[in-house]
2 protein chains.
Amino acid sequence: MGMSELRFTLPDWVSGFVGEGEVVCSSVEERMGFVVGGSRENVRQGTGGPFGAGVFDSNGKLISLGVNIVEATNCSILHAEIVAIALAQQALGRYDLSDGRKEDYELVTTTEPCAMCFGAVPWSGVSRLVCGARGEDARSIGFDEGPKPANWVEALEQRGITVVQDVLRDEAATILREYAERGGTIYNAGR
Amino acid sequence: MGMSELRFTLPDWVSGFVGEGEVVCSSVEERMGFVVGGSRENVRQGTGGPFGAGVFDSNGKLISLGVNIVEATNCSILHAEIVAIALAQQALGRYDLSDGRKEDYELVTTTEPCAMCFGAVPWSGVSRLVCGARGEDARSIGFDEGPKPANWVEALEQRGITVVQDVLRDEAATILREYAERGGTIYNAGR
């Protein structure tokens, strides 16, 4: 065995994209625009799937930017949302971003979460989920978004997590199509 | 920001528990017994939640052992199944364990997967899921297992993944109760 460590690195371009100073996006469209920019860069640099996600605090300050790095890391878990959640928790030093419902954090994702990322949301402690493209937009280029319950929005809201859909959906879906046109890997298992 | 790396380490006891040589468990009960042993050690050493999981090949050879390390790593993603899947993919050097349906791998988990880990299974490329305790056993000590579809077994089987339930359920559930009795953290967000 000898395997007792997991270590993953984001693409080199990410630190330059995010920059040195604080990133503050006051509107939800600005926040989505920023993470869509991350997904676009991921596609154009050829570093992963056409998905980006970010965690922002209640002032619109970026805590973490995640992009899909499944193929580069050989890890099916590392969807953009998972990367963003894990990085934010690492930055804040706690597994419950809400710190016992004292703080509000938002997960902004360029495409509605797949079944796995949907299930990751309640554990993370975010209180708001903002989505760009629809799950059907991802399915239309071949991704199997998995067995997510039909009432997934209600299921999150029942747990106190607000869901906002279709923010810059067209911009986000354009990146999905660009990835498909470039022949990007559709990394469903068993293909 | 300055955050471009995710790095997680398993508890120190894991390498000694697994040992130097190959671990081969020919029956499903042996495989479950091994991962239940991992969950027990995680509880007794105080290194994480009462959950273990392993990926085994079609000869019963252990590829990876995962345990829950949510609290120690401050990462809500690192359930036992996620750790086991990521380590197995790292060991084999591919995100699709099945390698395009050429290979059969089994994920053995001491408790039925939560909503997140359930969603992670189809992406991983395993062809069989073996479960010990039931989700209700985890809920009975306070864990919110999340909004998993009621027909989750059928949803996996429709994707070609066989599901086996209740293997050493009592042994696995005993570890859950031991964790609760020791006052182990119930790491639902927002508590």
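Thresholds, definitions, all that
Residues numbered from 1 in each chain as written. Chains lettered and ligands numbered in written order. Predicted model: local features only at pLDDT ≥ 70, side-chain atom pairs only at ≥ 80, totals over all residues. Pairing = 2+ DSSP bridges. Helix = DSSP H or I, 4+ residues; strand = E, 2+ residues; numbered from the N terminus. Axes fitted to C-alpha atoms, helices over the stretch in contact; angles between N-to-C directions. Contact = placed C-beta atoms within 7 Å. Nonpolar A, V, L, I, M, F, W, Y, C, P; charged D, E, K, R; others polar.

Can you tell me about the sheet that holds strand 5 (residues 128–133) of chain A, naming the residues and giving the values?
All names here are of chain A. Strand order across the open sheet formed by five strands is 3-2-4-5-6, with mixed pairing between neighbours. Edge positions in the sheet fall to strand 3 (62–67) and strand 6 (162–164), since each has one partner strand and no second. Going across the sheet, the axis of each strand differs from the next one's by a mean of 15°, ignoring polarity. Here strand 2 (residues 52–57) pairs with strand 4 (residues 105–111) via five bridges, running antiparallel. Paired with Gly54 across the two strands is Val108, which belongs to strand 4. In this fold helix 2 (residues 28–44) packs onto strand 2, strand 3, strand 4, strand 5 and strand 6, with an angle of close to 145° to the strand it touches most, strand 2. Where helix 4 (residues 80–92) meets the sheet, it contacts strand 2, strand 3 and strand 4, and its direction lies at approximately 145° from that of strand 3.

Residues and numbers for the sheet that holds strand 4 (residues 105–111) of chain B, please.
All names here are of chain B. Strand order across the open sheet formed by five strands is 3-2-4-5-6, with mixed pairing between neighbours. Lying at the two open borders of the sheet, with one neighbouring strand each, are strand 3 (62–67) and strand 6 (162–164). The mean angle between the axes of side-by-side strands here comes to 15°, regardless of whether they run parallel or antiparallel. Lying on the sheet, helix 4 (residues 80–92) is in contact with strand 2 (52–57), strand 3 and strand 4; it crosses strand 3 at an angle near 145°. Its contacts with the sheet place helix 8 (residues 169–181) against strand 4 and strand 5 (128–133), and it is angled at close to 60° to strand 5.

Report on the interface of chain B and chain A, specifying residues and quantitative values.
Listed as interface residues are 54 residues of chain B and, on the opposing side, 54 residues of chain A. Of all elements in the fold, only strand 1 (5–9), helix 1 (13–18), helix 3 (70–73), helix 4, helix 5 (115–124) and helix 7 (152–158) of chain B reach the threshold of two or more residues within the side of chain B that touches chain A. For the side of chain B that touches chain A, the element with the most residues is helix 5 of chain B, which contributes eight residues. Residues belonging to the side of chain B that touches chain A are distributed by class as follows: 29 nonpolar, 17 polar and eight charged. Where strand 1 (residues 5–9) of chain A lies against strand 1 of chain B, five bridges are found, and the strand directions are antiparallel. Bridge pairing in strand 1 of chain B places Glu5(A) opposite Thr9(B).

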